[in-house]
Amino acid sequence: RMRRSLLQLSYEMAGGECSIPSSISDAIESLHAGSLIIDDILDDSRSRRGHATMHHSIGVPLAINAGNWMYFQALECLSDSPLPPSIRSRLIEAMIRTARRCHEGQAIDIHARVDDVPVEHWKETASAISLLKTGSLVELAVCMGCIAADAPDRLLSVLPALGRRIGIALQMRNDLDELASIAHRPSGVAADDTVRDDDLRNARMTWPWVWASEQVDHRKCRTLAQRLVRSAEDRRQGAQELFQFVGHQVDQVISSFVSEQVRLI
């Protein structure tokens, strides 16, 4: 519920008093949860937060319906919020715009496979995906907090960028953690509810590939990426090699990235 916390924080920073209406907090959480359901379907993920994904529990048709329902539920929460009509309208516009951007990022994420995209375009592609899919949704939380407090345009022009960059950092951390869980899995042990291998299985363009391309010969990166389509064991071995290239050294990269955003506040 980090987005809910950022929503309240930005609301207070923009001059809002007490707590932001719960309907607005519910809206951002509903939009995010719905996007996770759809994302899990597109990736055919088996687990989410230690439990079976919704489409594996109740089937794809019902899961799609539930994810889409949560999008509209989020908009309904905003339309029912106890705020002036002009502010409600701005909140709804911001959410619609962000939902559209998230789906554009998802389109790039699905189509731009790491074994197809030239290595020299990896960083540009990963940046676009992170900005649209993750960054824009966290940015929305900060933006909505400012709008709800009726913040001046000057603040709206700078504060949401904090959320955007934190969202990108979250994507970096998620990509690294998933790679680490696969790289540390013993040979012959299949992925289960505690190990997500969606990124490698679907040849997703994630940040570890970008970091590796900045340290390793591009031909070696290309060869490693081509191994993803062979077998689960090839992917595990590829994950180990990729993790050796980046490993724990990028922990500092991510921490520094977040620390800089805190400093900018």
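Below is a short write-up of the structure.

The rules behind these values
Residues numbered from 1 in each chain as written. Predicted model: local features only at pLDDT ≥ 70, side-chain atom pairs only at ≥ 80, totals over all residues. Heavy atoms only, no water. Helix = DSSP H or I, 4+ residues; strand = E, 2+ residues; numbered from the N terminus. Rg over C-alpha atoms; globule rule 2.2 N^0.38 Å. Buried < 20%, exposed > 50% of the residue type's maximum accessible area, 1.4 Å probe, protein only. Contact = heavy atoms within 4.5 Å. Areas by Shrake-Rupley, 256 points an atom, 1.4 Å probe, with all protein chains shown as cover. 1 Å grid on protein atoms, 1.4 Å probe; cavity = no way out; pocket = protein on both sides within 12 Å on 5 of 7 lines; lining within 4 Å. Points joined across faces, edges and corners; volume = space filled by probe spheres on them. Nonpolar A, V, L, I, M, F, W, Y, C, P; charged D, E, K, R; others polar. Axes fitted to C-alpha atoms, helices over the stretch in contact; angles between N-to-C directions. Left-handed = near helix turned anticlockwise from the far one by under 90°. Patch = residues over 30% accessible without salt bridge, like charges linked within 9 Å, V, L, I, M, F, W, Y side chains within 5 Å. Salt bridge = Lys/Arg side-chain N within 4 Å of Asp/Glu carboxyl O. Phe/Tyr/Trp six-rings, centres within 6.5 Å; stacked < 30°, edge-to-face > 60°.

Overview of the overall build of the protein chain
Helix and strand counts for the protein chain stand at 13 helices and two strands. Taking 18 Å as the expected radius of gyration for a compact globule of 265 residues, we find that the protein chain reaches 19 Å, a close match to that expectation. Oriented by its inertia axes, the alpha-carbon framework of the protein chain measures out at about 55 × 45 × 30 Å. Put simply, the protein chain has 265 residues, and 51% of those count as buried. Look at the contacts in the protein chain between residues 6 or more apart in sequence, and 73% of them connect residues 24 or more apart. Just so you have it, the protein chain exposes about 12,700 Å², and 55% of that area is on carbon and sulfur atoms.

Here's the deal with the layout of surface pockets
The calculated volume of the largest pocket comes to roughly 970 Å³. Lining the largest pocket are 41 residues, and of these His-32, Leu-36, Arg-48, Thr-134 and Gln-171 lie nearest its centre. Of all the secondary structure elements, the ones that give two or more residues to the lining of the largest pocket are helix 1 (2-13), helix 2 (22-43), helix 5 (85-111), helix 6 (122-148), helix 8 (159-183) and helix 9 (198-201). Take the lining of the largest pocket: its biggest share by element is ten residues, from helix 2. The class makeup of the residues in the lining of the largest pocket is 15 nonpolar, nine polar and 17 charged. By volume, the second largest pocket is sized at about 150 Å³. Where the lining of the second largest pocket is concerned, the elements lending two or more residues are helix 8 and helix 13 (249-264).

Things to note about the packing of helix 1 against helix 6
In the contact formed by helix 1 and helix 6, the axes pass within 7 Å of each other and the chain directions differ by 35 degrees. Crossing handedness for the pair helix 1 and helix 6: right-handed. The segment helix 1 lies against helix 6, with Met-2, Arg-3, Leu-6, Leu-7, Ser-10 and Tyr-11 engaging Leu-137, Val-138, Ala-141, Val-142, Met-144, Gly-145, Cys-146 and Ala-148. Split into classes, the residues belonging to the contact of helix 1 with helix 6 amount to eleven nonpolar, two polar and one charged.

Re the side chain of Thr-53
As for its position among the elements, Thr-53 is in the loop between strand 2 (51-52) and helix 3 (54-58). Judged by relative accessible area, which is 1%, Thr-53 ranks as buried.

A short note on a nonpolar patch on the surface
A grouping of Leu-9, Met-13 and Ile-265 is seen on the molecular surface, where their side chains present a nonpolar patch of about 260 Å² in accessible area. Examined against the element boundaries, Met-13 turns out to sit in helix 1.

Topic: the packing of aromatic side chains
As enumerated under the stated definition, the model contains two aromatic pairs in all. With a centroid separation of 5.5 Å and an interplanar angle of 75 degrees, the aromatic rings of Trp-122 and Trp-209 are classed as edge-to-face. Of this pair, Trp-122 sits in helix 6 while Trp-209 sits in helix 10 (residues 207-213), placing them 87 residues apart in sequence. By relative accessible area, Trp-122 is classed as buried at 0%. Residue classification places Trp-209 among the buried residues on the basis of a relative accessible area of 2%.

Don't take any of this as a statement about function, it's just geometry.
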